[in-house]
Amino acid sequence: MDAFESLVAKFLRFFTKAIRTVRMYHIAPPLMKQDLDQTVESAGQILKEVDEFSLGFQEQVFTLQNNPSKALSGAAQPMYPILHGKRIASIVFGRQTSREEFAALVDLLSKK
(Lines give C-alpha, C1' and ligand atoms only; values in the text may rest on other atoms or scores of the structure.)
Protein backbone atom coordinates (compact mmCIF):
# COMPACT_ATOMS: atom_id res chain seq x y z
CA MET A 1 0.00 0.00 0.00
CA ASP A 2 1.49 3.34 -1.01
CA ALA A 3 1.28 6.62 0.97
CA PHE A 4 -1.82 7.85 -0.89
CA GLU A 5 -3.65 4.58 -0.31
CA SER A 6 -2.72 4.78 3.38
CA LEU A 7 -4.36 8.21 3.58
CA VAL A 8 -7.47 6.82 1.88
CA ALA A 9 -7.56 3.82 4.25
CA LYS A 10 -7.44 6.21 7.22
CA PHE A 11 -10.25 8.29 5.71
CA LEU A 12 -12.35 5.17 5.13
CA ARG A 13 -11.98 4.12 8.79
CA PHE A 14 -13.04 7.54 10.08
CA PHE A 15 -15.86 7.93 7.54
CA THR A 16 -17.28 4.48 8.30
CA LYS A 17 -16.97 5.11 12.04
CA ALA A 18 -18.90 8.38 11.75
CA ILE A 19 -21.71 6.68 9.80
CA ARG A 20 -21.91 3.78 12.23
CA THR A 21 -21.93 6.11 15.24
CA VAL A 22 -24.94 7.96 13.88
CA ARG A 23 -26.68 4.66 13.08
CA MET A 24 -26.04 3.11 16.49
CA TYR A 25 -26.65 6.09 18.74
CA HIS A 26 -29.15 8.04 16.62
CA ILE A 27 -27.32 11.30 17.10
CA ALA A 28 -27.18 14.01 14.52
CA PRO A 29 -23.81 14.57 12.84
CA PRO A 30 -23.26 17.99 14.49
CA LEU A 31 -23.39 16.25 17.87
CA MET A 32 -20.62 13.81 16.95
CA LYS A 33 -17.98 16.45 16.47
CA GLN A 34 -14.93 14.21 17.02
CA ASP A 35 -15.89 11.60 14.40
CA LEU A 36 -16.79 14.26 11.86
CA ASP A 37 -13.62 16.27 12.59
CA GLN A 38 -11.49 13.16 12.01
CA THR A 39 -13.29 12.43 8.74
CA VAL A 40 -12.92 15.98 7.44
CA GLU A 41 -9.28 16.21 8.54
CA SER A 42 -8.35 12.92 6.86
CA ALA A 43 -10.13 13.99 3.66
CA GLY A 44 -8.16 17.24 3.81
CA GLN A 45 -4.90 15.28 3.93
CA ILE A 46 -5.91 13.40 0.77
CA LEU A 47 -6.97 16.63 -0.93
CA LYS A 48 -3.52 18.11 -0.37
CA GLU A 49 -2.32 15.43 -2.80
CA VAL A 50 -5.13 15.60 -5.40
CA ASP A 51 -7.85 18.09 -6.39
CA GLU A 52 -10.55 15.46 -5.92
CA PHE A 53 -10.88 11.78 -5.18
CA SER A 54 -13.57 9.24 -5.85
CA LEU A 55 -14.49 6.12 -3.93
CA GLY A 56 -16.92 3.45 -5.00
CA PHE A 57 -17.63 -0.12 -5.88
CA GLN A 58 -17.97 -1.89 -9.19
CA GLU A 59 -19.46 -5.36 -8.74
CA GLN A 60 -18.29 -5.50 -5.10
CA VAL A 61 -14.75 -4.45 -6.01
CA PHE A 62 -13.59 -1.22 -4.32
CA THR A 63 -12.49 1.51 -6.70
CA LEU A 64 -10.30 4.51 -5.98
CA GLN A 65 -10.20 7.16 -8.69
CA ASN A 66 -12.34 4.75 -10.79
CA ASN A 67 -9.63 2.06 -10.69
CA PRO A 68 -9.94 -1.22 -8.79
CA SER A 69 -7.85 -1.19 -5.60
CA LYS A 70 -7.10 -4.53 -4.02
CA ALA A 71 -4.79 -2.89 -1.48
CA LEU A 72 -7.75 -1.01 0.02
CA SER A 73 -10.38 -3.73 -0.27
CA GLY A 74 -10.14 -4.65 3.43
CA ALA A 75 -10.46 -1.05 4.64
CA ALA A 76 -13.28 -0.40 2.18
CA GLN A 77 -15.35 -3.54 2.81
CA PRO A 78 -17.50 -2.00 5.61
CA MET A 79 -18.55 0.72 3.15
CA TYR A 80 -19.94 -1.74 0.60
CA PRO A 81 -23.29 -2.47 2.29
CA ILE A 82 -23.71 1.21 3.14
CA LEU A 83 -23.25 2.43 -0.42
CA HIS A 84 -24.91 -0.58 -2.04
CA GLY A 85 -27.97 -0.17 0.19
CA LYS A 86 -28.38 3.39 -1.07
CA ARG A 87 -27.62 2.35 -4.67
CA ILE A 88 -24.58 4.63 -4.75
CA ALA A 89 -21.87 3.50 -7.16
CA SER A 90 -19.33 6.15 -6.21
CA ILE A 91 -18.78 9.37 -4.30
CA VAL A 92 -16.49 12.20 -5.37
CA PHE A 93 -14.89 14.47 -2.78
CA GLY A 94 -13.24 17.73 -3.80
CA ARG A 95 -11.33 20.51 -2.13
CA GLN A 96 -14.51 22.57 -2.07
CA THR A 97 -16.41 19.89 -0.09
CA SER A 98 -17.44 21.61 3.14
CA ARG A 99 -17.73 20.23 6.64
CA GLU A 100 -21.50 20.73 6.40
CA GLU A 101 -21.60 18.61 3.23
CA PHE A 102 -19.67 15.85 5.00
CA ALA A 103 -22.16 16.04 7.88
CA ALA A 104 -25.11 15.83 5.48
CA LEU A 105 -23.56 12.86 3.68
CA VAL A 106 -22.89 11.03 6.96
CA ASP A 107 -26.48 11.70 7.98
CA LEU A 108 -27.83 10.42 4.64
CA LEU A 109 -25.69 7.29 4.64
CA SER A 110 -26.56 6.48 8.25
CA LYS A 111 -30.26 6.16 7.46
CA LYS A 112 -31.49 2.64 6.69
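Predicted model only: the values in this text are computed from it and were never measured.

Criteria and thresholds
- Residues numbered from 1 in each chain as written.
- Predicted model: local features only at pLDDT ≥ 70, side-chain atom pairs only at ≥ 80, totals over all residues.
- Heavy atoms only, no water.
- Helix = DSSP H or I, 4+ residues; strand = E, 2+ residues; numbered from the N terminus.
- Rg over C-alpha atoms; globule rule 2.2 N^0.38 Å.
- Buried < 20%, exposed > 50% of the residue type's maximum accessible area, 1.4 Å probe, protein only.
- Contact = heavy atoms within 4.5 Å.
- Phe/Tyr/Trp six-rings, centres within 6.5 Å; stacked < 30°, edge-to-face > 60°.
- Pairing = 2+ DSSP bridges.

**Focus: the overall build of the protein chain**
A tally of helices and strands in the protein chain yields five helices and four strands. Across the protein chain, helices and strands are ordered from the amino to the carboxyl terminus as α-α-β-β-β-α-α-β-α. Expected size for 112 residues packed as a compact globule is a radius of gyration near 13 Å; at 13 Å, the protein chain falls within 12% of this value. Dimensions of the protein chain, computed from C-alpha atoms along their principal axes, come out at roughly 35 × 30 × 20 Å. Counting the 112 residues in the protein chain, one finds 40% classified as buried. A fraction of 68% describes how many contacts in the protein chain between residues 6 or more apart in sequence connect residues 24 or more apart.

**Thoughts on the packing of aromatic side chains**
Both the distance between ring centres and the angle between the ring planes are used here to describe each pair of aromatic rings. This structure, assessed with the given rule, holds nine aromatic pairs. Relative to Phe15, the ring of Phe11 lies with its centre 5.2 Å away and its plane at 20°, an arrangement referred to as stacked. A residue pair is termed a helical-turn pair when its members lie 3 or 4 positions apart in one helix, as Phe11 and Phe15 do in helix 1 (residues 3-25) at four residues. Accessibility classification places Phe11 together with Phe15 in one group, the buried group. Each ring, one from Phe57 and one from Tyr80, has its centre 5.1 Å from the other, and the planes form 75°; the classification is edge-to-face. On the criterion of sequence distance, the pair formed by Phe57 in strand 1 (residues 52-58) and Tyr80 in helix 4 (residues 79-85) is long-range, its members being 23 residues apart. Pair check on accessibility: Phe57 and Tyr80 agree, each one buried. Feature note: the residues Phe11, Phe15, Phe53, Phe93 and Phe102 constitute an aromatic cluster, connected by ring pairs.

**Brief notes about the side chain of Ser42**
Following the sequence through the fold, Ser42 ends up in helix 2 (residues 33-47). We classify Ser42 as buried; its relative accessible area is 1%.

**Digging into the sheet that holds strand 4 (residues 90-94)**
Ordered by their spatial adjacency, four strands build an open sheet running 3-2-1-4, and the pairing between neighbours is antiparallel. In this open sheet, the two strands that pair with only one neighbour each are strand 3 (67-68) and strand 4. Bridge analysis of strand 1 against strand 2 (residues 61-64) gives four bridges, and the strand direction is antiparallel. Bridge pairing in strand 2 places Gly56 opposite Thr63.

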